[in-house]
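Coordinate analysis (summary)
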Protein chains: 2
Amino acid sequence: MLTKTESQERVFRLQVMLRSKDIHAALFIMPIDVYYFAGTRQNAILWIPAEGEPLLLVRKSLSRAMDESPIAAIRPFPSSKEFASVFSEDLSTIGMTFDAIPVQQHLFYSRALPGRTFVDISMMLRELRSVKSPFELEQLRLSAGKLASVFAEVPQFLKAGMRELDLSAEMEYRLRKAGHEGYVRMRAFNQELFFGLAVSSGGLNGGFFDGPVTGKGLSSASPHGASCDEIRVNQPILLDFGGVFNGYISDMTRMFVIGTLDAELQRAFDVAIEIQELVRRGMKPGAICEELFFAAAAMAEKAGLGSCFMGMPGEQAKFVGHGVGLELDELPVLAKGFTMPLQAGQVIAVEPKFVIPGKGVIGIENTFAVTDDGGLRLSDLPDDIVFLGA
Amino acid sequence: MLTKTESQERVFRLQVMLRSKDIHAALFIMPIDVYYFAGTRQNAILWIPAEGEPLLLVRKSLSRAMDESPIAAIRPFPSSKEFASVFSEDLSTIGMTFDAIPVQQHLFYSRALPGRTFVDISMMLRELRSVKSPFELEQLRLSAGKLASVFAEVPQFLKAGMRELDLSAEMEYRLRKAGHEGYVRMRAFNQELFFGLAVSSGGLNGGFFDGPVTGKGLSSASPHGASCDEIRVNQPILLDFGGVFNGYISDMTRMFVIGTLDAELQRAFDVAIEIQELVRRGMKPGAICEELFFAAAAMAEKAGLGSCFMGMPGEQAKFVGHGVGLELDELPVLAKGFTMPLQAGQVIAVEPKFVIPGKGVIGIENTFAVTDDGGLRLSDLPDDIVFLGA
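Residues numbered from 1 in each chain as written. Chains lettered and ligands numbered in written order. Predicted model: local features only at pLDDT ≥ 70, side-chain atom pairs only at ≥ 80, totals over all residues. Heavy atoms only, no water.

Under an unreviewed UniProt entry, chain A has the name Peptidase M24 and belongs to Pelodictyon phaeoclathratiforme.

Encoded structure:
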């Protein structure tokens, strides 16, 4: 449950940002944005004026929103006739998150609140949410811990001859029983994710997903994640899963091999570990996001692995880490073009990976918090490749 | 795989609709809309002029899109400079699906194609997709059959004392191993769904979800579906799951009881079966959507169950059936306000349910195709409540 104090601090930080841009109020309609401030993911919208108290308007379920939310003013969603009168007319410049709200929704609110100017506050909201409070850091640590505990069980169920799909199902089953909430929220348009990836040979397939490894998936309608390919001995097996607990998402990748591993793949793994450590050491307040990516890419290049860093040649993702929190794709992104400095309390999944054509996918991923001492790991599962007897 | 003939037929039907509204071209950017016409769900956009050949522009993965799609003209996504030159300037009125595309995307394409007028073709697209081809009906039948086969296994793993979450995990595990693709696509803004519902006492909780039963879920961040409540004897246990196979979604609900069932709940179930049959008989071309809902609601009212039909008192959903296909919430909807006539080949999940405060949730759901003889069931699992020994 979101406490009243935590909710008020989030609202206050937003209000400072709104005032700095001369925006009179924010109107949040994306469920997870409403949840961040109001502590409830019911069907509701949240009005936060640049000064004063927020107002939560609930379509369904009002009783549940009232049970869950520390917001003082909670009311039923007004009728079309009453709608405009609920909001002060003086507040004429209104921020909404244009990155995520559909055009029809924008038109609806433009008509419901005539004479106002609507502006995009997507980046403001995302920057605000990128810095986690102590409460959120604890939630992310719990999430990463639960996720790691399921990764630790993999040797009990990974067998040669099972399909990637079977391995994925075993992982998903254990995550669910550990309390994984299932639905993995992503913000970016055009992305869809189910739990994560359990891939071996199928990992060599390219795909739409904006990450280093996509997987073959089960059909052209769902071309992501595990396939029906059989898992074979002496091949790298990559497991990359998000943990979703109490809404907070951690992200982790580990490698498994039944038998022995090709020397080039082992070397690529060692380079991935070195890159992870390089990035981790650099994750201090003030460090520039894209510089950490450039340093990582340079290390891959120097090792002769530049063309398969973060994806197969020609389909490489151009980042080495992404923020996580209530969504899997939060700010900051350690990528070219992201010139903002890191801030203490940001949480980033760092995932140096290689896709080596004809050989396989390999890499590592852990979730770190930005601190004065560099990245602080949120879970302590060893990074080593887990070798199982053939 | 989508055949060339099937793709061409879908494009042709759209072109007729575009011309009837004087719209010069459609620009689809939602992944599942692109998939419907082009047979690939890569990161791509699809241009369909009202006359002539479609053009698929692919961000990632181009090679995979070319492997999967029967579209003749497939090219890499153009640079900003080249973008406008790819599309004929004569085509100035362009349709997009405003129900699903974010404001930022709309602004991007408005700037990339200056001087054009963009109009909303959401309803046109949804109406087109609501009528399934013989190929799609076969896909939906296969989907419903696989879903039903997992429902048939429930007596093997349902036990008193397990949590709703454990029951959900067992169901999800078996569905995945049967080839369920995981991610359940929904179109409506503000909806999120993970697999489905396994609920008993937790089903009495209200929630945001636009359906008769929501479930308590695992936290206020994920307030939907199974909870950690224990499943007890002599209580109704409702399983409502979507099957996603080769992209096509079927929907099914069955009831289970360990021990015996309260007489009022049994009676409500019998009424639900009667309502399902009433609606099924009416599912003929030409029948008006809302009239089927009114007839269903009247039957519930006559049985003295009006106040708990399709949800708990005060939080009732106002429909009795919804279209399914590539998304869980397709047209048509058997609901007040939907005055369009049914068409042969539409596929509807009919789900009369009751939420009886203090007692439990109960109902039935099957997926039917609209035919001249009324609704044709897409799977043949018996509707009866499954009673297990306590």
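A word on the relation of the copies chain A and chain B. Mapping chain A onto chain B calls for a screw motion: a turn of 180° about the axis and a shift of 0.0 Å along it, with 0.0 Å RMSD after fitting. These values place the two chain copies in the arrangement generated by a two-fold rotation axis. No C-alpha of chain A lies nearer the rotation axis than that of Pro 102 of chain A, which sits 2.0 Å from it. Of the interface residues in chain A, 100% have counterparts in chain B that sit at the interface too, so the contact is made through matching surfaces. (Least-squares fit on C-alpha atoms with pLDDT ≥ 70 in both. Contact = heavy atoms within 4.5 Å.)

Moving on to the packing of aromatic side chains. Taken as a whole and judged by the stated rule, the model has 31 aromatic pairs over all chains. Here Phe 208 of chain B and Phe 209 of chain B contribute two aromatic rings whose centre-to-centre distance is 6.2 Å and whose plane-to-plane angle is 85°, an arrangement assigned as edge-to-face. Residue class for Phe 209 of chain B comes out buried when judged on its relative accessible area of 10%. Between Phe 309 of chain B and Phe 354 of chain B the ring centres are 5.5 Å apart and the planes differ by 45°, which places this aromatic pair in the tilted class. Here Phe 354 of chain B lies in strand β13 (residues 353-356) and Phe 309 of chain B lies in the loop between α11 (289-302) and β10 (319-323), a separation of 45 residues in the sequence. A relative accessible area of 0% means that Phe 354 of chain B is categorised as buried. An aromatic cluster is defined as three or more aromatic residues linked by ring pairs; in this entry it consists of Trp 47, Phe 77, Phe 83, Phe 87, Phe 108 and Tyr 109 of chain A. Geometry around Phe 208 of chain B places Arg 41 of chain A over its ring, the cationic atom sitting 3.5 Å from the centre. Sitting over the ring of Tyr 36 of chain A, Arg 129 of chain A keeps its end group 5.9 Å from the ring centre. (Phe/Tyr/Trp six-rings, centres within 6.5 Å; stacked < 30°, edge-to-face > 60°. Buried < 20%, exposed > 50% of the residue type's maximum accessible area, 1.4 Å probe, protein only. Helix = DSSP H or I, 4+ residues; strand = E, 2+ residues; numbered from the N terminus. Lys NZ or Arg CZ within 6 Å of the ring centre and 35° of its normal.)

A word on the sheet that holds strand β16 (residues 376-377) of chain B. Residues and elements named next belong to chain B. Taken together, the 5 strands give an open sheet; going across it, the order is β11-β10-β12-β15-β16, and neighbouring strands pair in antiparallel fashion. The strands lining the two open edges of the sheet, one partner per strand, are β11 (330-335) and β16. As defined by bridge partners, strand β12 (residues 347-350) adjoins strand β15 (residues 366-369) across 4 bridges and the pair is classed as antiparallel. Following the sheet pairing, Ala 349 is matched in β15 by Thr 367. Helix α10 (residues 263-282) rests against β10, β11, β12, β15 and β16 of the sheet, and its axis sits at about 15° to β15. (Pairing = 2+ DSSP bridges. Axes fitted to C-alpha atoms, helices over the stretch in contact; angles between N-to-C directions.)

This part takes up empty space enclosed by the protein. Applying the stated criterion across every chain, the model contains 11 cavities of 30 Å³ or more. The volume enclosed by the largest cavity comes to roughly 740 Å³. Tyr 183, Met 186 and Gln 191 of chain A together with Tyr 183 and Met 186 of chain B are, among the 37 residues lining the largest cavity, the residues nearest its centre. Of all the secondary-structure elements, those providing two or more residues to the lining of the largest cavity are α2 (31-38) of chain A together with α2 (31-38) of chain B. Along the lines of polarity and charge, the residues of the lining of the largest cavity split into 22 nonpolar, 4 polar and 11 charged. (1 Å grid on protein atoms, 1.4 Å probe; cavity = no way out; pocket = protein on both sides within 12 Å on 5 of 7 lines; lining within 4 Å. Points joined across faces, edges and corners; volume = space filled by probe spheres on them. Nonpolar A, V, L, I, M, F, W, Y, C, P; charged D, E, K, R; others polar.)

This paragraph deals with the interface of chain A and chain B. Counting from both sides, the interface comprises 69 residues of chain A and, opposite them, 69 residues of chain B. Summed over both sides, the interface between chain A and chain B buries roughly 5,900 Å², with carbon and sulfur atoms accounting for 52% of that surface. Across the chain A-chain B interface, the total number found is 8 salt bridges. Among the salt bridges present, the one from Asp 166 of chain A reaches Lys 177 of chain B, with a minimum N-O distance of 3.1 Å. Viewed at the interface, chain B and chain A are joined by 44 residue pairs in polar contact (both at pLDDT 80 or more). (Buried area = accessible area lost by both parts, 1.4 Å probe. Salt bridge = Lys/Arg side-chain N within 4 Å of Asp/Glu carboxyl O. Polar contact = N/O pair within 3.5 Å; in protein donor to acceptor, adjacent residues only side chain to side chain.)

Residue and element names in this part refer to chain B. Helix length check: helix α9 (residues 164-177) (14 residues) gives 20 Å between terminal C-alpha atoms against 20 Å at 1.5 Å per residue, within 8%. The element α9 is extensively covered by neighbouring structure, given that 12 of its 14 residues are classed as buried. What α9 keeps buried is the set Glu 164, Leu 165, Asp 166, Leu 167, Ser 168, Ala 169, Glu 170, Met 171, Glu 172, Tyr 173, Leu 175 and Arg 176. Within two residues after α9, Gly 179 carries a phi angle of roughly 105°, on the positive side. (Expected span 1.5 Å × (residues − 1).)

Another aspect to go through is the packing of helix α9 (residues 164-177) of chain A against α9 of chain B. It is the contact of α9 of chain A with α9 of chain B, at a shortest axis distance of 9 Å, that shows an interaxial angle of 170°. As far as their axial angle goes, α9 of chain B and α9 of chain A are roughly antiparallel. Every residue of α9 of chain B that contacts α9 of chain A at Leu 165, Asp 166, Ser 168, Ala 169, Glu 170, Glu 172, Tyr 173, Arg 176 and Lys 177 of chain A is listed here: Leu 165, Asp 166, Ser 168, Ala 169, Glu 170, Glu 172, Tyr 173, Arg 176 and Lys 177 of chain B. For the contact of α9 of chain A with α9 of chain B, the per-class residue count stands at 6 nonpolar, 2 polar and 10 charged. (Parallel < 35°, antiparallel > 145°, perpendicular 65-115°, else oblique.)

Looking now at the domain arrangement of chain A. Residues and elements named next belong to chain A. Looking at chain A, the domain boundaries give domain 1 (4-128) and domain 2 (131-388). One C-alpha centre belongs to domain 1, the other to domain 2; they are set 34 Å apart. Contact between domain 1 and domain 2 buries roughly 1,300 Å² in total, counting both sides, with carbon and sulfur atoms accounting for 49%. Among the residues of domain 1 in contact with domain 2, Glu 6, Ile 32 and Arg 126 are the three that bury the most area, contributing 40% of the side total. One salt bridge connects Asp 33 with Arg 187, and the closest N-O pair in it is separated by 2.9 Å. (Domains from an automatic or database assignment.)

Another point: the UniProt feature "domain: Peptidase M24" (unreviewed entry) in chain A. The UniProt entry lists residues 139-372 of chain A under the feature "domain: Peptidase M24" (unreviewed entry), expressed in the numbering used here. The straight-line gap between the two end C-alpha atoms of residues 139-372 of chain A is 20 Å; of that span, 28% is helix and 22% is strand. (UniProt positions renumbered as here; feature names shortened; annotations may be inferred.)

Okay, unusual backbone geometry next. With an omega of -5°, the peptide bond between Lys 60 of chain A and Ser 61 of chain A qualifies as cis. Turning to its location among the elements, Ser 61 of chain A is positioned in the loop between β3 (55-60) and α3 (62-68). Following Leu 331 of chain B, the chain continues into Pro 332 of chain B via a peptide bond in cis, with omega recorded as -5°. With phi around 90°, Asn 190 of chain A is a residue other than glycine that occupies positive phi space.

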